[in-house]
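Secondary and tertiary structure notes
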Amino acid sequence: QVQLVESGGGLVQPGGSLRLSCAASGFTFSTYAMSWYRQAPGKERELVAAIASAGGSANYVDSVKGRFTMSRDNAKDTVYLQMNSLKPEDTAMYYCNAKSERVRNRDYWGQGTQVTVSS
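Below: a short report on this structure. Everything numeric in this text was worked out from a predicted model, so none of it was measured.

**Topic: the sheet that holds strand S7 (residues 68–73)**
The strand order across the open sheet built from four strands is S1-S3-S8-S7, with neighbouring strands paired in antiparallel fashion. The open sheet has two edge strands with one neighbour each: strand S1 (3–7) and S7. Strand-to-strand twist of the sheet, defined as the mean angle between neighbouring strand axes without regard to direction, takes the value 15°. Across five bridges, the pairing between S1 and strand S3 (residues 18–25) is antiparallel. Counted as the bridge partner of Gln3 is Ser25 from S3.

Rendered as structure tokens:
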């Protein structure tokens, strides 16, 4: 059974930090590119960060560059999103996505974790 379980969300003040985790199971994690998406109320889901199956440098949406860092640990089947200098506009539900680099159109989604940035 495929599972992506996000954790680490919560309420934080502007300027604060959170670290999101996404634990994967039920598929060969090391062959999947991983991404973090977010969706704020009334807005479309947007891609925040993405990293290839082998790891290395991640790519980021411009609005989070220099503040967010995505990483993965293929030994633990987990990806992370370190979020620093959080802003109210970062408030959203954050979702983890796994996309196969070997099988076309095969991807999985987690249930999401809520991040709220407010004073």
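**A short note on unusual backbone geometry**
Excluding glycine, residues mostly carry a negative phi; peptide bonds, for their part, are mostly trans. Phi at Asp77 takes a positive value of approximately 55°, unusual for a residue other than glycine. Within the element layout of this structure, Asp77 appears in the loop between S7 and strand S8 (78–83). Even without being glycine, Asn105 reaches a positive phi, approximately 60°. Within the element layout of this structure, Asn105 appears in the loop between strand S9 (92–100) and strand S10 (107–109). Note on Asn105: relative accessible area 67%, which makes it exposed.

**As for the pattern of salt bridges**
Under the definition given, this model contains four salt bridges. Residue Arg38 pairs with Asp90 through a salt bridge whose shortest N-O separation is 3.0 Å. Highlighted residues: Arg38 in strand S4 (residues 32–39) and Asp90 in the loop between S8 and S9, separated in sequence by 52 residues. Using a relative accessible area of 0% as the deciding quantity, one classes Asp90 as buried. Here the residues in one salt-bridge network are Arg38, Glu46, Arg67 and Asp90, joined through shared partners.

**Comments concerning the side chain of Arg38**
Here Arg38 falls in the buried class, since its relative accessible area comes to 6%. A distance of 2.9 Å separates the side chain of Arg38 from the side chain of Tyr94, its partner in a polar contact. Every residue in contact with Arg38, bar those within four places of it in the chain, is listed here: Glu44, Arg45, Glu46, Val48, Ser63, Val64, Phe68, Glu89, Asp90, Ala92, Met93 and Tyr94.

Cut-off values and rules
Residues numbered from 1 in each chain as written. Predicted model: local features only at pLDDT ≥ 70, side-chain atom pairs only at ≥ 80, totals over all residues. Heavy atoms only, no water. Pairing = 2+ DSSP bridges. Helix = DSSP H or I, 4+ residues; strand = E, 2+ residues; numbered from the N terminus. Axes fitted to C-alpha atoms, helices over the stretch in contact; angles between N-to-C directions. Buried < 20%, exposed > 50% of the residue type's maximum accessible area, 1.4 Å probe, protein only. Salt bridge = Lys/Arg side-chain N within 4 Å of Asp/Glu carboxyl O. Polar contact = N/O pair within 3.5 Å; in protein donor to acceptor, adjacent residues only side chain to side chain. Contact = heavy atoms within 4.5 Å.

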